[in-house]
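Fold and contact review
What follows is each chain in one-letter form.
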Amino acid sequence: MKRIFIPYLVLALGIALVNLAAAQSKQKAPNFVLKSADGKTYELSKMKGNVVVVNFWATWCGPCRIEIPDFIEIYKKYKDKGVEIIGLSLDKGGWDDVLPFLKTNTINYPIVLGSQKLASEFGDVRFIPTTFFVDKNGYIVDRHVGAMSKSQLESKIKSLL
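Before going into details, it helps to say that this report is about the structure given with it.

Calculation criteria
- Residues numbered from 1 in each chain as written.
- Predicted model: local features only at pLDDT ≥ 70, side-chain atom pairs only at ≥ 80, totals over all residues.
- Heavy atoms only, no water.
- Salt bridge = Lys/Arg side-chain N within 4 Å of Asp/Glu carboxyl O.
- Buried < 20%, exposed > 50% of the residue type's maximum accessible area, 1.4 Å probe, protein only.
- Helix = DSSP H or I, 4+ residues; strand = E, 2+ residues; numbered from the N terminus.
- Pairing = 2+ DSSP bridges.
- Core = buried A, V, L, I, M, F, W, Y, C linked by side-chain atoms within 4.5 Å.
- Contact = heavy atoms within 4.5 Å.

What follows covers the pattern of salt bridges. Inspection of the entire model under this criterion finds 6 salt bridges. The salt bridge involving K46 is made with E43; its shortest N-O contact spans 3.8 Å. For E43, a relative accessible area of 21% gives the class partly exposed. For E73, the salt bridge is made with K150, and the minimal N-O distance between the two is 2.7 Å. Of this pair, E73 sits in helix α2 (residues 62-78) while K150 sits in helix α5 (residues 150-160), and the two are 77 residues apart along the sequence.

Right, dumping it as structure tokens:
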């Protein structure tokens, strides 16, 4: 029983260290220009002046699916207060994978297709979900690896407003 517990402990410690290291560094967020399924263009640099939550996720990812309802609720609460949330799907099948998911799940924040290149530019995304917090000046000020609770998400957003 103890042998089974140790890998989970090591994984948890690894995720905690990744989150701690990300919280201590500050880098300019890489710009992107991406289109949603309805053809609307989203450019990160044009969101300057807002707190931007950039969430790398995929339709097949269980923890990603778990946190989506909280992202929806938080976006509804804070979108008029200078907060943008954008979901960057890393589904290998692109829109073929994402569109059916969007048709059965009403998501009120923009969803676009991300890429491994963009994920690397943001900070070596190795696990999903991974969420980056971009301040009003366009700097990545925090990163969270793994599913976020509503209270975690709201706390990080409030600290940046």
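Back to the text.
The next thing to look at is unusual backbone geometry. At the junction of I128 and P129, the peptide bond is cis and its omega measures out at 0° in the coordinates. Of note in the backbone geometry, D124 takes a positive phi value of approximately 55° without being a glycine. Here D124 lies in the loop between α4 (116-123) and β7 (130-134). The partly exposed category is assigned to D124, whose relative accessible area is 39%.

In spatial order, the strands read β1-β8-β7-β4-β5-β6; together these 6 strands make up an open sheet with mixed pairing. Two strands lie at the open edges of the sheet, namely β1 (27-28) and β6 (111-113), each paired on one side alone. Pairing between β7 and strand β8 (residues 139-145): 5 bridges, direction antiparallel. Its bridge partner lying in β8, T131 is registered against H144.

What follows deals with the nonpolar core. Core analysis: the biggest nonpolar cluster contains 24 residues, and V53, I85, Y109, F133, L153 and I157 have the highest contact counts within it. Secondary structure elements with two or more residues in this core: β4 (51-57), α2, β5 (83-89), α3 (95-104) and α5. A total of 6 residues in this core trace back to one element, the largest contributor, which is α2. Here I157 is in contact with V53, I74, Y78, V83 and F133, once residues within four sequence places are set aside.

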